[in-house]
Amino acid sequence: MVLEKYKNLLKYYLATKDEGALYRADQFSKRSLQQDISPDEIVQIHIDALQDLYPDLPEEMRLSLHFLLETMISYGIAHQEFRALREKQFELKSEIEVAANMQNTLLNTVIPDDGALDIGAISVAAHQMNGDYYHFINDQKNIGVAIADVIGKGIPAALCMSMIKYALDTFPANLSNPQTILQLLNRVVERNVEPGMFITMFYGYYNQEDHLFHYSSAGHEPGLFYHALSNTFEKIEAKGIVLGVQKDVTYQQYSKYLSIGDMVILFTDGVTECRRGDQFIQKEEIVDVIKEYIHLSAQEMVDQVYRYFERLQDFDLRDDFTLIILRRKY
Amino acid sequence: MNLSIDVSRTDDIHYVKLSGEIDVYTAPKLKETILPLTEEEGVSVRVDLEKINYMDSTGLGVFISGLKSAKEHQSELILMNLHERVYRLFDITGLKEVFKIENTVRGGN
């Protein structure tokens, strides 16, 4: 069938030298690729067609064509390998997609919107799977917020993140003390990760009755407080070692009173590690961008800030990016 | 950007001079160099970071592995001449409390 078509095409071209036939030869090679016909098979078809058309082909010509066939064999093998790899890659890609969907379901969290805080959150993965994590807890009286960053990115980071989520889920519901939560998490992480792996995490909870924000940090990128009255930003100073490096760690806990309009701004180093070309952005720039959108709701703010940094990096995120803003409404 | 690693030894001290960037691409090479050095009991591994102008958290991961290995094998790991930007990482993450860090260098990006 294929041979017949090829033979007719070749015959037509040799007789007419019509360029249309060359175009059809091109189409033929494309179709052959789709049908996974290898280069050496094409040469074989050519030899067969030629011998059919010219049974009296000179001996040297016939031999040289077989010679050509031999030289094409490696290309044929390479083509087969390429085919196998392509299939394998497709399989892997769908597996990662399934895993990424699973992760989204696992790490899904509901942003509390019925309390004294206006909350906005955005988290975008640099690759298919996210090594950043954030979570909210809402027990009417308190609003808890966790933000974490696993070293590295991609699948290993994502797997590690799931462990944090499970560990947090096993803690009793009335456990809201940030320093205790970090201490317990550190124990889990230290036992379960390979040396060299670690997680940074900030945990805070806001008491809706006395408006105190209590927090502890396990080596997490320092966030910012915004004071509405003075329209100023202040770095959140909180000391503490990252999770997973030392066995028994006690974390310090701090408290801050939030006035109406005050904000807590939390992020991961995907934000501070943004680069413009070869230059890193400065923290003041983050503050400037937030200031620009300060009149918006918390969710609109985080969306706009993300869009700004996305543009800055030509839409090519180098690291997972997470930004959370909490603002006291009343 | 690349990372070049130069290792020399005087008695029980290994000097590891680094230059370039430590990131997700160069970290494996660094790990392969440093870990075996820390596995010899009683030695001191001194890593000079004066010519490191950029390091990300994967670099921290390598040094944490090195530190854990040194503890396990009774050797020591010392980091020297850190640029402010690199030192900041050890500061934020609380890791400056567990590492032996000698001399930080002002400036650099």
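Residues numbered from 1 in each chain as written. Chains lettered and ligands numbered in written order. Predicted model: local features only at pLDDT ≥ 70, side-chain atom pairs only at ≥ 80, totals over all residues. Heavy atoms only, no water.

- Per an unreviewed UniProt entry, the recorded name for chain B is Anti-sigma factor antagonist, and the organism is Salinibacillus kushneri.
- As stated in UniProt under Sequence similarities (unreviewed entry), the record for chain B gives "Belongs to the anti-sigma-factor antagonist family."
- Under Function (unreviewed entry), UniProt gives the following word-for-word description of chain B: "Positive regulator of sigma-B activity. Non-phosphorylated RsbV binds to RsbW, preventing its association with sigma-B. When phosphorylated, releases RsbW, which is then free to complex with and inactivate sigma-B." (UniProt positions renumbered as here; feature names shortened; annotations may be inferred.)

- The name given to chain A in an unreviewed UniProt entry is Sigma-B regulation protein RsbU (Phosphoserine phosphatase), and the organism recorded there is Salinibacillus kushneri.

### Section: the sheet that holds strand E1 (residues 3-10) of chain B
Residue and element names in this part refer to chain B.
Alright, step 1. Taken in spatial order, the five strands of this open sheet run E1-E2-E3-E4-E5, and their pairing is mixed. Across the chains shown, the open sheet's two edge strands, defined by having one partner strand only, are E1 and strand E5 (100-105). Across the sheet, the mean angle from the axis of one strand to that of its neighbour is 15°, orientation sign disregarded.
Alright, step 2. Two elements, strand E4 (residues 76-83) and E5, share five bridges in a ladder whose sense is parallel. For Met80, the partnering residue across the bridge sits in E5 and is Glu102. (Pairing = 2+ DSSP bridges. Helix = DSSP H or I, 4+ residues; strand = E, 2+ residues; numbered from the N terminus. Axes fitted to C-alpha atoms, helices over the stretch in contact; angles between N-to-C directions.)

### Overview of the sheet that holds strand E9 (residues 263-267) of chain A
All names here are of chain A.
Alright, step 1. Strand order in this open sheet of five strands is E1-E12-E9-E6-E7, and the pairing throughout is antiparallel. The open sheet has two free edges, formed respectively by strand E1 (117-124) and strand E7 (232-235), since each of these has just one partner strand. Mean inter-strand twist for the sheet, computed between neighbouring axes without regard to direction, equals 15°.
Alright, step 2. When strand E6 (residues 224-227) meets E9, the two strands line up antiparallel, connected through three bridges. From the neighbouring strand, Tyr226 faces E9, where its bridge partner is Met263.

### Considering the pairing of E4 of chain B
Residue and element names in this part refer to chain B.
Alright, step 1. The element E4 is extensively covered by neighbouring structure, given that seven of its eight residues are classed as buried.
Alright, step 2. Two elements, strand E3 (residues 44-55) and E4, share five bridges in a ladder whose sense is parallel. Within the sheet, the bridge partner assigned to Val45 lies in E4 and is Leu77.
Alright, step 3. Each parallel crossover has a hand, and for E4 linked through helix H3 (residues 84-92) to E5 it is right-handed. (Buried < 20%, exposed > 50% of the residue type's maximum accessible area, 1.4 Å probe, protein only. Right-handed = clockwise from strand over helix to strand, strands pointing away.)

### Observations regarding the pattern of salt bridges
Side chains that differ in charge, positive against negative, can pair when their charged atoms come close.
All names here are of chain A.
Alright, step 1. All told, the structure shown has 19 salt bridges over all chains when counted by the stated rule.
Alright, step 2. Across the pair Lys165 and Asp169 runs a salt bridge, and its minimum N-O distance is 3.4 Å. Residue Lys165 and its partner Asp169 are both found in helix H5 (residues 154-170); the two are separated by four residues, about one turn of the helix.
Alright, step 3. One network of salt bridges, in which partners are shared, links Glu4, Lys7 and Asp52. (Salt bridge = Lys/Arg side-chain N within 4 Å of Asp/Glu carboxyl O.)

### Here's the deal with H5 of chain A
Residue and element names in this part refer to chain A.
Alright, step 1. If you check H5, its first and last C-alpha atoms are 25 Å apart, about what 17 residues at 1.5 Å a residue would give, namely 24 Å.
Alright, step 2. Regarding H5, the residues found buried are Gly154, Ala157, Ala158, Cys160, Met161, Ser162, Met163, Ile164, Lys165, Ala167 and Leu168.
Alright, step 3. If you follow the buried residues of H5, they end up packed against helix H4 (59-106), strand E2 (132-138), strand E3 (142-150), helix H6 (178-192) and strand E4 (199-207). (Expected span 1.5 Å × (residues − 1). Contact = heavy atoms within 4.5 Å.)

### A closer look at the domain arrangement of chain A
Alright, step 1. Partitioning chain A into domains gives domain 1 (2-99) and domain 2 (111-328).
Alright, step 2. Taking the mean C-alpha position of each, domain 1 of chain A and domain 2 of chain A sit 57 Å from one another. (Domains from an automatic or database assignment.)

### Comments concerning the interface of chain A and chain B
Alright, step 1. Between chain A and chain B, the contact holds 23 residues from the first and 20 residues from the second.
Alright, step 2. One can count two salt bridges joining chain A with chain B.
Alright, step 3. Between Lys239 of chain A and Asp91 of chain B there is a salt bridge, and its shortest N-O distance comes to 3.6 Å.
Alright, step 4. Where chain A packs against chain B, one counts four residue pairs in polar contact (both at pLDDT 80 or more).
Alright, step 5. If you list the elements that add at least two residues to the side of chain A that touches chain B, you get helix H7 (269-272) and strand E11 (279-280) of chain A.
Alright, step 6. For the side of chain A that touches chain B, a count of residues per class yields eight nonpolar, nine polar and six charged. (Polar contact = N/O pair within 3.5 Å; in protein donor to acceptor, adjacent residues only side chain to side chain. Nonpolar A, V, L, I, M, F, W, Y, C, P; charged D, E, K, R; others polar.)

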